[in-house]
Amino acid sequence: MKTPYYIVYESRLRHNLDLITSVARESGAHIIMAFKANALWRTFGVMREYNEGFTASSLYELRLGNEELLQLGHSYCPAYTEETIQEYLEGSSHITFNSLSQFERFIPEVVNFNTSGGGHKVTAGLRVNPQCSVIETDIYNPALPGSRFGVTADKLEAYIAGERKGEWPEGLEGFHFHQLCESSSYDLEKVLTAFEEQFGCYLTHLKWVNFGGGHLMTREGYDTAHLVKVIRGFRERYPWLEVILEPGSAFTWRTGDLITSVVDVVENHGIRTAIIDASFACHMPDTLEMPYQPAITESNPEGGFVYRLGGNSCLSGDFMGDWHFDHPLQEGEQLTLEDMNHYTTVKTNMFNGIAHPAIIFERTDGSRKLLRKFDFDDYKNRMD
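Residues numbered from 1 in each chain as written. Predicted model: local features only at pLDDT ≥ 70, side-chain atom pairs only at ≥ 80, totals over all residues. Heavy atoms only, no water.

Moving on, we come to the overall build of the protein. Helix and strand counts for the protein stand at twelve helices and 17 strands. Expected size for 384 residues packed as a compact globule is a radius of gyration near 21 Å; at 23 Å, the protein falls within 12% of this value. Counting every position in the protein, which comprises 384 residues, the buried fraction comes to 54%. Contacts in the protein between residues far apart in sequence, at least 24 positions, make up 70% of those at least 6 positions apart. Total accessible area on the protein stands at roughly 17,700 Å², and carbon and sulfur atoms take up 48% of it. When the 33 basic and 53 acidic side-chain charges of the protein are each reduced to a single mean position, those positions are 3 Å apart. (Helix = DSSP H or I, 4+ residues; strand = E, 2+ residues; numbered from the N terminus. Rg over C-alpha atoms; globule rule 2.2 N^0.38 Å. Buried < 20%, exposed > 50% of the residue type's maximum accessible area, 1.4 Å probe, protein only. Contact = heavy atoms within 4.5 Å. Areas by Shrake-Rupley, 256 points an atom, 1.4 Å probe, with all protein chains shown as cover. Lys, Arg positive; Asp, Glu negative; His and termini not counted. Charge placed at Lys NZ, Arg CZ, Asp CG, Glu CD.)

Printed below as a string of structure tokens:
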């Protein structure tokens, strides 16, 4: 296959799904998939064998889950509108509001939907913000001062005491918090402590609590036994509550790679850059946003030949490094950038008119299927 291309491995995907299913079974929590990390629907045939549900933050994500996972979604959007709320209700089993004003504005729509005989019931929740920060990268940290995400405990207390005159808001059945990002079970434990301290007095009114995403339980070294213990402990304290987790990266962690080729090697001020036929900015933008440096299978930390990799776009910052190799890189040599299935295909772009890599699916028997190949029409039709 001509490079560049993404390759997704069914065996690795099933390994992650087996582990997640095991955690769900042992903990009693419902673990659903967040599309924001991966929406490669052509692999959903495998997902459907395991998946307990999905979470969506846009109408397109919701529609994708409805059509390809054949399920209702758990929806959270920073702001619904009069034009979008009905479609969210039609495709959702759970809907979470980001603010008290959004809740006040649209809870009548939820009540009307549930009494109109639309075919299913929708349960409504509120995103809360325990203001417990365990994330080092600010761009992914929803607990920063001034965050636009979720209602803080003081605001909720004032709302109930003031506008509600001490009465629990009708139709509010769940809380949702999301404070993690590729985090550990010990980070969850810290956040959960803050959540219970600030919002525990309200839990008798609820039916469910969503612990959000960021639970990287499929990462090597993650303490899944501790995660199960934390969830079980919460459920023992509040046995009437349904517990939901919605990880994203965990489902597709280390399930795919990006195969690229060296097309030139340039040197400037003693720095050697191997220019590849892929792009960090276009095909791996999360490496620049997070930022993080992906592993390369063919590299050798002890090697004596040091290279940056430069993307094949005109953006000056479209490079990363350094990597060590045990030989000089040559034009045409293929490199395997590891773990390029989560937060890659959902974030790719066609900046500079650079085509997306093709996408290949390797089945458990070793056979390969071309899922998608992109061409000029994909670029042109974006502006059609």
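On we go.
Across the sheet, which stays open at both edges, the nine strands sit in the order β2-β10-β9-β8-β7-β6-β5-β4-β3 with parallel pairing between neighbours. The open sheet terminates on both sides in strands that have one partner only, identified here as β2 (30–31) and β3 (33–34). Where strand β6 (residues 92–97) meets strand β7 (residues 123–127), four bridges bridge the pair, whose relative direction is parallel. Following the sheet pairing, I95 is matched in β7 by A124. Across the sheet, helix α3 (residues 59–68) touches β4 (54–56), β5 (73–77) and β6, and the angle it forms with β4 is around 155°. (Pairing = 2+ DSSP bridges. Axes fitted to C-alpha atoms, helices over the stretch in contact; angles between N-to-C directions.)

To continue, consider the packing of aromatic side chains. According to the stated counting rule, one finds 19 aromatic pairs in the structure shown. Where F211 meets F234, the ring centres are 5.2 Å apart and the plane angle is 85°; that geometry is what we call edge-to-face. Within this pair, whereas F211 is found in the loop between β9 (208–210) and α8 (224–237), its partner F234 is found in helix α8, the two being separated by 23 residues in sequence. Judged by relative accessible area, F234 falls into the buried class, the value being 0%. The interplanar angle of 55° and the centroid separation of 6.5 Å between the aromatic rings of F376 and Y379 together place this pair among those described as tilted. Of this pair, F376 and Y379 both sit in helix α12 (residues 376–380), three residues apart, which is roughly one turn of that helix. According to the relative accessible area criterion, F376 is exposed, its value standing at 54%. By the ring-pair criterion, three or more aromatic residues cluster together here, those being W168, F175, F177, F195, F199, Y202, F211, F234, Y238 and W240. (Phe/Tyr/Trp six-rings, centres within 6.5 Å; stacked < 30°, edge-to-face > 60°.)

A packed helix pair is summarised by two numbers, namely the angle formed by the two axes and the spacing between the axes. Viewed as axis vectors pointing N to C, helix α1 (residues 10–27) and α8 meet at an angle of 35°, and their least axial separation amounts to 9 Å. Note on packing geometry: the crossing formed by α1 with α8 is right-handed. Here α1 contributes L19, V23, E26 and S27 to the contact with α8, which in turn contributes T224, L227, V228, I231, R232 and R235. Along the lines of polarity and charge, the residues of the contact of α1 with α8 split into five nonpolar, two polar and three charged. (Left-handed = near helix turned anticlockwise from the far one by under 90°. Nonpolar A, V, L, I, M, F, W, Y, C, P; charged D, E, K, R; others polar.)

Let us look at α1. Here α1 spans 26 Å end to end across 18 residues, near enough to the 26 Å set by a 1.5 Å rise per residue. Taken as a whole, α1 has its buried residues at E10, L13, R14, N16, L17, I20, S22, V23, A24 and S27. On its buried side, α1 packs onto β1 (5–9), β2, α2 (44–47), α8, α9 (249–252) and β16 (358–362). G28 sits one or two positions beyond α1 and adopts a positive phi of about 85°. (Expected span 1.5 Å × (residues − 1).)

For the rest of this paragraph, the subject is the state of the cysteines. All told, the structure shown has zero disulfides when counted by the stated rule. Of all cysteine sulfurs in the structure, the one in C314 sits closest to C282, which takes part in no disulfide; the separation is 8.9 Å. You can call C282 buried: its relative accessible area is 0%. (Disulfide = S-S within 2.5 Å.)

Here K369 lies in strand β17 (residues 368–372). Expressed as a C-alpha distance, the spacing of K369 and I7, which sit 362 residues apart in the sequence, is 9.6 Å. Those residues in contact with K369, other than ones at most four positions away along the chain, are I359, I360, F361 and R363.

Right, let's talk about unusual backbone geometry for a bit. Between M290 and the following residue, P291, the backbone shows a cis peptide bond with an omega angle of -15°. Within the secondary structure, P291 sits in the loop between α11 (285–289) and β13 (305–310). The amide bond that connects G321 to the next residue, D322, takes the cis arrangement and shows omega of 15°. Backbone geometry places N352, a non-glycine residue, at a positive phi of 70°. Within the secondary structure, N352 is located in the loop between β15 (334–337) and β16.

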